[in-house]
Amino acid sequence: MIERLSIFAVASLVMVVSACSPRPGAVAGDPFERANRDNHAFNKDLDRKILSPLSKTYADVVPDPVEDSVSNFASNLSLPGKVVNNVLQLDLPSAARNTTRFVLNSTVGVAGLFDPSQKIGFTEKDTDFGETLQGWGVAEGAYLELPVFGPSNLRDGFARFVDMLLLDPAGQILKPPVSKYRTASNMGTILQKRQIYGAQIDEVLYGSADSYAQARLVYLQSRRFELKDIANDAYIDPYAEFE
């Protein structure tokens, strides 16, 4: 299922980039706005009809400790890919920390269902191939909203699929039924996060006059802050004056 979804998303990304040439007068940094808005409408509809109600049902039915264990399992299996990116970034201390987390949580933490490493100070160093590319000097490029996956940009959209298809040792090694457990745990993590951040997400998607512009602004600001991307501090939201 994940492989089919990845192929679909890659194809969608290619179509967005290749078929939508920048339109005259397009907002700087958002030359694909028309296609982005179409994808935003699709994602918003997906959230309204499926993701939001399903996340509420998940929270009501599944006890919090079980939700946490499901998310821990998914997070633990993502660590080998993060270690690969740590190494590509020459961030060896973070690579050692994430490796230690993976070993401890996979053993003492019962296959990652629990997170004992957090309790003794081995916090996760989150990273991805988008951060790796930024460290190699690749600019973020134009803003993109991908179907299903949501807000991104040219660099991070490409990097997302490199992470999923090439830089995921666990995904290459795991076989059924463990691979199916991982797919289920990834979905559980998404549902848990949708419920935890529900108020903020609802405010952006359903409480703003232009949810697309608001989602774009929130993503760009948070991503640049996350990567400490000072090169883009001058970004100006073209819709701010109307809010």
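The structure presented is a predicted model; accordingly, all values stated were derived computationally and were not measured.

### Notes on the packing of aromatic side chains
So, point 1. Considering all chains together, one arrives at four aromatic pairs under this definition.
So, point 2. Seen in terms of ring centroids, Phe-129 and Trp-136 are 5.9 Å apart; in terms of plane orientation they differ by 90°. Their pairing is edge-to-face.
So, point 3. Between Tyr-143 and Tyr-219 the ring centres are 6.2 Å apart and the planes differ by 55°, which places this aromatic pair in the tilted class. Here Tyr-219 lies in helix 11 (residues 211-226) and Tyr-143 lies in strand 1 (residues 143-146), a separation of 76 residues in the sequence. Each member of the pair, Tyr-143 as well as Tyr-219, is classed as buried.
So, point 4. Within the aromatic cluster, the residues linked to one another by ring pairs are Tyr-143, Tyr-212 and Tyr-219.

### Digging into helix 7 (residues 154-165)
So, point 1. Here helix 7 contains 12 residues, and its C-alpha end-to-end distance of 17 Å stays within 8% of the 16 Å for a straight helix at 1.5 Å per residue.
So, point 2. Considered for burial, the residues of helix 7 that qualify are Arg-155, Asp-156, Gly-157, Ala-159, Phe-161, Val-162 and Asp-163.
So, point 3. For helix 7, the side-chain oxygen to backbone nitrogen distance between the N-cap and Arg-155 is 3.1 Å, and the N-cap itself is Asn-153.

### A few points about helix 10 (residues 198-206)
So, point 1. Within helix 10, the full set of buried residues consists of Gly-198, Val-204 and Leu-205. The buried residues of helix 10 occupy an angular sector of 135° when projected down its axis, which confines them to one face.
So, point 2. The secondary structure elements touched by the buried residues of helix 10 are helix 2 (33-61), helix 9 (178-196) and helix 11.

### Topic: the environment of Arg-194
So, point 1. You can see Arg-194 is positioned in helix 9.
So, point 2. As a C-alpha pair, Arg-194 and Ser-52 span 142 residues in sequence and 6.9 Å in three-dimensional space.
So, point 3. Other than its neighbours up to four places away in sequence, Arg-194 contacts Asp-47, Leu-51, Ser-52, Ser-55, Ile-201, Asp-202 and Tyr-206.

### Things to note about the packing of helix 3 (residues 64-88) against helix 4 (residues 92-107)
So, point 1. One way to put it is that helix 3 packs onto helix 4 with a least axis distance of 8 Å and a crossing angle of 160°. Our classification of the angle between helix 3 and helix 4 gives roughly antiparallel. As helix 3 runs across helix 4, the sense of the crossing is left-handed. The segment helix 3 lies against helix 4, with Asn-76, Leu-79, Pro-80, Lys-82, Val-83, Asn-86 and Val-87 engaging Ser-94, Ala-95, Asn-98, Thr-99, Arg-101, Phe-102, Asn-105 and Ser-106.
So, point 2. Its residues assigned to classes, the contact of helix 3 with helix 4 shows six nonpolar, seven polar and two charged.

### Observations concerning unusual backbone geometry
Trans is the common state for peptide bonds, and a negative phi is the common state for residues other than glycine.
So, point 1. Cis rather than trans, the peptide bond between Pro-176 and Pro-177 has omega equal to 5°.
So, point 2. Residues other than glycine seldom take positive phi values, yet Leu-90 does so here, at roughly 60°.
So, point 3. Assignment of secondary structure puts Leu-90 in the loop between helix 3 and helix 4.
So, point 4. Located in the positive-phi region is Ala-111, a residue other than glycine, with phi close to 60°.
So, point 5. By the secondary structure assignment, Ala-111 is in the loop between helix 4 and helix 5 (116-119).

### Re the pattern of salt bridges
So, point 1. Enumeration according to the criterion identifies 17 salt bridges in this entry.
So, point 2. Across the pair Lys-82 and Glu-124 runs a salt bridge, and its minimum N-O distance is 2.4 Å. With Lys-82 in helix 3 and Glu-124 in the loop between helix 5 and helix 6 (129-135), the pair connects residues that are 42 residues apart, well separated along the chain.
So, point 3. Residue Glu-124 is classed as partly exposed on the basis of its relative accessible area, which comes to 24%.
So, point 4. With a closest N to O distance of 2.8 Å, Asp-156 and Arg-223 form a salt bridge. Within this pair, whereas Asp-156 is found in helix 7, its partner Arg-223 is found in helix 11, the two being separated by 67 residues in sequence. For the pair Asp-156 and Arg-223, one class covers both residues: buried.

Basis of the calculations
- Residues numbered from 1 in each chain as written.
- Predicted model: local features only at pLDDT ≥ 70, side-chain atom pairs only at ≥ 80, totals over all residues.
- Heavy atoms only, no water.
- Phe/Tyr/Trp six-rings, centres within 6.5 Å; stacked < 30°, edge-to-face > 60°.
- Helix = DSSP H or I, 4+ residues; strand = E, 2+ residues; numbered from the N terminus.
- Buried < 20%, exposed > 50% of the residue type's maximum accessible area, 1.4 Å probe, protein only.
- Expected span 1.5 Å × (residues − 1).
- Polar contact = N/O pair within 3.5 Å; in protein donor to acceptor, adjacent residues only side chain to side chain.
- Arc of directions from axis to C-beta.
- Contact = heavy atoms within 4.5 Å.
- Axes fitted to C-alpha atoms, helices over the stretch in contact; angles between N-to-C directions.
- Parallel < 35°, antiparallel > 145°, perpendicular 65-115°, else oblique.
- Left-handed = near helix turned anticlockwise from the far one by under 90°.
- Nonpolar A, V, L, I, M, F, W, Y, C, P; charged D, E, K, R; others polar.
- Salt bridge = Lys/Arg side-chain N within 4 Å of Asp/Glu carboxyl O.

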